[in-house]
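Inside the fold
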Amino acid sequence: MKHPSPVEQTRFEPEDMSPPALRRAVLDGLLASPKHLPSAYLYDARGSALFEQICTLPEYYPTRTERAILQTHAGEMAARIGPRAVLVEPGSGAGVKTALLLAQLQQAAAYVPVEISPTALEATVQAMVARFPQLPIHPQQADFTQAFTLPPALRHVGGSGELGGRVVFFFPGSTIGNFDPQQAQALLARWRLLGGADAGLLIGIDLRKDVAVLQAAYDDVQGVTAAFNRNLLVRINREFGADFVPDAFDHLARYDTVQGRIEMHLQSREAQAVHLAGHTLRFDAGETIHTENSYKYTLDGFAALAGKAGWQLDAQWTDPLQRFGVLAMRAA
């Protein structure tokens with residue numbers, strides 16, 4: 001892979017669609033009671049493509065709503081971030097929203113996309129090189145849910161290093177909602193320490209709203225979200241040699257008012273047995289596999305959670321219907 005000189009030369013490791021720890025989590029989850037699966041397993045190549053399709057559906061408001069907030073307020077956000085910033089994006093993905101922000105930043109010092117998938121990481125780098133050919137890019141192949149480090153050339157940013165800017169984490173898409181509050185707090189605390197005393201955070205959160213709106217967003221009439229959820233069983237069949245019949249499970253999305261989260265499940269239509277890695281998994285009719293959570297927050301509630309992780313609210317922006325929020329935070 002060839003890049004212009006601003007891109008740090010990185011050796012992308014071969015794609016590993018099933019790291020040992022994730023495989024262990026899949027097996028442990030299916031042997032547990034109640035059964036559950038890591039949401040990260042939803043995103044193989046087909047799952048990622050289906051999710052991109054979900055983001056275009058009329059019922060799925062988060063993507064277009066957050067993009068509209070960024071299009072309207074990216075200049076204000078960039079002013080809060082300041083000049084010569086190093087923008088670190090955990091789980092960088094397609095980078096469409098990132099480009100809106102980078103276009104407004106004053107002389108960004110560097111962009112650091114962090115992705116576990118080398119294919120996704122390379123695609124992000126290529127897209128950003130085409131859009132911002134003079135921007136130094138330092139791709140990091142890593143699992144952002146675990147501890148990772150900044151590239152050596154950027155470790156002194158904010159001090160006496162030659163780049164001289166602050167580290168700002170950009171985490172759009174309400175991805176923080178896929179973590180339970182304790183996990184989210186731990187994740188934000190790690191980034192606070194990694195970014196240093198003048199670190200910044202720009203993060204998107206999905207706000208609490210009418211349950212009917214939430215239900216529709218996670219159970220669309222075209223059945224794309226259902227296909228996305230069932231594809232998880234297709235992947236397990238492929239990678240574990242299991243014999244799930246995906247169509248024997250219904251997609252189920254429900255809102256837990258106590259936890260403040262949408263839950264996605266796969267619900268067995270009948271009593272059945274599935275064979276997986278030498279184990280026989282028995283399902284009762286109506287039994288579910290819990291596949292994903294998406295926590296919804298109030299603006300004050302999320303600011304309080306982030307405060308426990310060492311962050312202080314600087315500014316916030318929402319859409320006219322108050323469906324989504326983007327918060328700028330700084331190290332407390």
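Here, the structure is the one placed above.
This report concerns the structure included in the present document.

Each value, and the rule that gives it
- Residues numbered from 1 in each chain as written.
- Predicted model: local features only at pLDDT ≥ 70, side-chain atom pairs only at ≥ 80, totals over all residues.
- Heavy atoms only, no water.
- Helix = DSSP H or I, 4+ residues; strand = E, 2+ residues; numbered from the N terminus.
- Expected span 1.5 Å × (residues − 1).
- Buried < 20%, exposed > 50% of the residue type's maximum accessible area, 1.4 Å probe, protein only.
- Arc of directions from axis to C-beta.
- Salt bridge = Lys/Arg side-chain N within 4 Å of Asp/Glu carboxyl O.
- Contact = heavy atoms within 4.5 Å.
- Pairing = 2+ DSSP bridges.

Focus on helix α5 (residues 118-131)
Helical periodicity: at 3.6 residues per turn, an α-helix aligns residues three or four positions apart in one direction. In this model, α5 (14 residues) spans 20 Å end to end at C-alpha, consistent with the 20 Å of a helix rising 1.5 Å per residue. Pro118, Leu121, Thr124, Val125, Met128 and Val129 are the residues of α5 that are buried. Down the axis, α5 shows its buried residues gathered within 130° of arc, on one side only. For α5, the exposed residues lying more than 90 degrees away from the buried face are Thr119 and Ala130.

Topic: the pattern of salt bridges
Counting across every chain of the model gives 13 salt bridges. Linking Arg80 and Asp314 is a salt bridge whose minimum nitrogen-to-oxygen distance equals 3.2 Å. Note that Arg80 is positioned in helix α3 (residues 61-81) and Asp314 in strand β12 (residues 311-318), a separation of 234 residues in sequence. With relative accessibility at 43%, the residue Arg80 sits in the partly exposed group. Among the salt bridges present, the one from Lys209 reaches Asp206, with a minimum N-O distance of 2.8 Å. Under the relative-accessibility criterion, Lys209 is labelled buried at 17%.

Section: the side chain of Thr63
Position of Thr63 relative to the elements: it lies in helix α3. Look at Thr63 and you get buried, because its relative accessible area is 11%. Sequence-distant contacts of Thr63, defined by excluding residues within four places in its chain, comprise Cys55 and Lys97.

A word on the sheet that holds strand β7 (residues 249-256)
The strand order across the open sheet formed by 4 strands is β1-β11-β8-β7, and the pairing between neighbours is mixed. One side of each edge strand has no neighbouring strand; the edge strands of this open sheet are β1 (35-36) and β7. Direction of pairing for β7 relative to strand β8 (residues 261-268): antiparallel, over a ladder of 8 bridges. Residue pairing in the sheet places Tyr255 in a bridge with Ile262 of β8.

By themselves these figures say nothing about function.
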